[in-house]
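For reference, the chains in residue letters:
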Amino acid sequence: MKKIFFIAFVVFFIFMFYSAYEIRDFGNPPSQMDDRIIGKYNSTTGEWEYGAVNETGANNAVTSVVFDYRGYDTLGEATVLFTAIAGVMMLFRRVKNE
Amino acid sequence: MNEERMSVIVQTIASILFPIILIFSFYIIMHGHLTPGGGFQGGAVGASAVALLIVAFGARYVENKMREENLSAFESVGGLVFVIVSILGIFVATTFLTNFLVGEPLFGIIPKWGVSPLNSGGVLPILNIAVGMKVIGGLASVVLMLAIASKEGEK
């Protein structure tokens, strides 16, 4: 059993390193999937034709999803955090004896 | 000598590291719309700086320096800014949470290929800063309250 785990670990390790080598460089021209999400850049006019960068103006497409397209979700998450902190504050508040 | 404090070495290293960690946290929050990270992640980093201070100096000392009420107020201001900016979207533009600053010259320039200007993104940087304030204040006050409560429980 230990041998199987070790072999699986080694295979996974090699796979991760291989994918790290094969990944395209930071800022390289995007693949087709990026074209659909981030948008299509027209290099002659210097403007984005459609997509997330054109609509939100943020380079980070993840942030544009989290704070713009799914902003309600983030508001709910902040509300969950607020409620949890209010609960902790209520539980551990200082009680004055006098 | 206070029992809660750790040794002088730990205190010195903590007081050197504290502003550096805070600056890194502010960097992550400010560049949330350009690089990986954002309000939540940067806020967690900033709260870990406060946790480092609590470990090194003890909960009582940190509570005397930064009142827990101030941290809670900081957190509430962050939540208020988020909601106000969201509701402004109804009045300025069309719906709740509209990115109404995109295309404006001040905050909303749309970046060209390969450049990442800081004043892009419309309301996204403002919301990032609001969430960052919220998470820094909230997590730091929770860690502080839990540390104080565990110290009082030992007695």
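None of these values were measured; they are calculated from a predicted model.

J.: When you look at the overall build of chain B in this model, what are you seeing that I'm missing?
T.: For chain B, the helix and strand inventory stands at five helices and zero strands. In sequence order, chain B lays out its α and β elements as α-α-α-α-α. Each of the 155 residues in chain B was classed as buried or not, and the buried ones make up 45%. Entry remark: accessible area of chain B is about 7800 Å², with carbon and sulfur atoms responsible for 72%. A distance of 5 Å separates the average location of the 8 positive side-chain charges in chain B from that of its 9 negative side-chain charges.

J.: Just checking my understanding: could you explain the nonpolar core for this structure?
T.: In globular proteins that are soluble, nonpolar side chains generally tend to be buried together. Counting 20 residues, the largest nonpolar core has Phe67(A), Ile85(A), Phe82(B), Val123(B), Leu127(B) and Val131(B) as its most contacted members. Taken together, the elements giving at least two residues each to this core come down to helix H5 (71-91) of chain A together with helix H4 (68-92) and helix H5 (124-154) of chain B. Here the element with the most residues in this core is H5(B); it accounts for seven residues. With residues near it in sequence (within four places) discarded, Val123(B) still touches Val85(B), Thr98(B), Asn99(B), Phe100(B) and Leu101(B). Core analysis: the next-biggest nonpolar cluster, separate from the first, contains 16 residues, Ala14(B), Phe18(B), Val50(B) and Leu144(B) among them.

J.: Looking at this model, I keep getting lost on the confidence of the model for chain A. Mind explaining?
T.: Atom-level detail of predicted coordinates should not be read off regions where pLDDT is low. With 88% of its residues at a pLDDT of 70 or more, chain A has an overall mean of 84. Ranking the elements of chain A by mean pLDDT puts helix H2 (residues 32-37) of chain A last, at 73, and helix H1 (residues 2-22) of chain A first, at 93.

J.: What exactly am I supposed to notice about the packing of H5(A) against H4(B) here?
T.: Geometry of a packed helix pair, given as the angle between the helix axes and the separation of the axes. Between H5(A) and H4(B), the shortest axis-to-axis distance is 11 Å and the interhelical angle comes to 160 degrees. Taken together, the axes of H5(A) and H4(B) lie roughly antiparallel to each other. Two packed elements cross with a definite hand, and for H5(A) against H4(B) that hand is left-handed. Packed against H5(A), whose contacting residues are Gly71(A), Thr74(A), Leu75(A), Phe82(A), Ile85(A) and Met89(A), the element H4(B) presents Glu68(B), Ser72(B), Glu75(B), Ser76(B), Phe82(B) and Val83(B) at the interface. Among the residues making up the contact of H5(A) with H4(B), the classes are represented as six nonpolar, four polar and two charged.

J.: What is the right way to look at the packing of H4(B) against H5(B) in this model?
T.: All names here are of chain B. Relative orientation of the contacting elements H4 and H5 amounts to 155 degrees, with a least axis distance of 8 Å. Taken together, the axis directions place H4 and H5 in an arrangement best described as roughly antiparallel. Handedness of the H4/H5 crossing: left-handed. Its residues assigned to classes, the contact of H4 with H5 shows 15 nonpolar, six polar and three charged.

Definitions and cut-offs
Residues numbered from 1 in each chain as written. Chains lettered and ligands numbered in written order. Predicted model: local features only at pLDDT ≥ 70, side-chain atom pairs only at ≥ 80, totals over all residues. Heavy atoms only, no water. Helix = DSSP H or I, 4+ residues; strand = E, 2+ residues; numbered from the N terminus. Buried < 20%, exposed > 50% of the residue type's maximum accessible area, 1.4 Å probe, protein only. Areas by Shrake-Rupley, 256 points an atom, 1.4 Å probe, with all protein chains shown as cover. Lys, Arg positive; Asp, Glu negative; His and termini not counted. Charge placed at Lys NZ, Arg CZ, Asp CG, Glu CD. Core = buried A, V, L, I, M, F, W, Y, C linked by side-chain atoms within 4.5 Å. Contact = heavy atoms within 4.5 Å. pLDDT = per-residue confidence, 0-100. Axes fitted to C-alpha atoms, helices over the stretch in contact; angles between N-to-C directions. Parallel < 35°, antiparallel > 145°, perpendicular 65-115°, else oblique. Left-handed = near helix turned anticlockwise from the far one by under 90°. Nonpolar A, V, L, I, M, F, W, Y, C, P; charged D, E, K, R; others polar.

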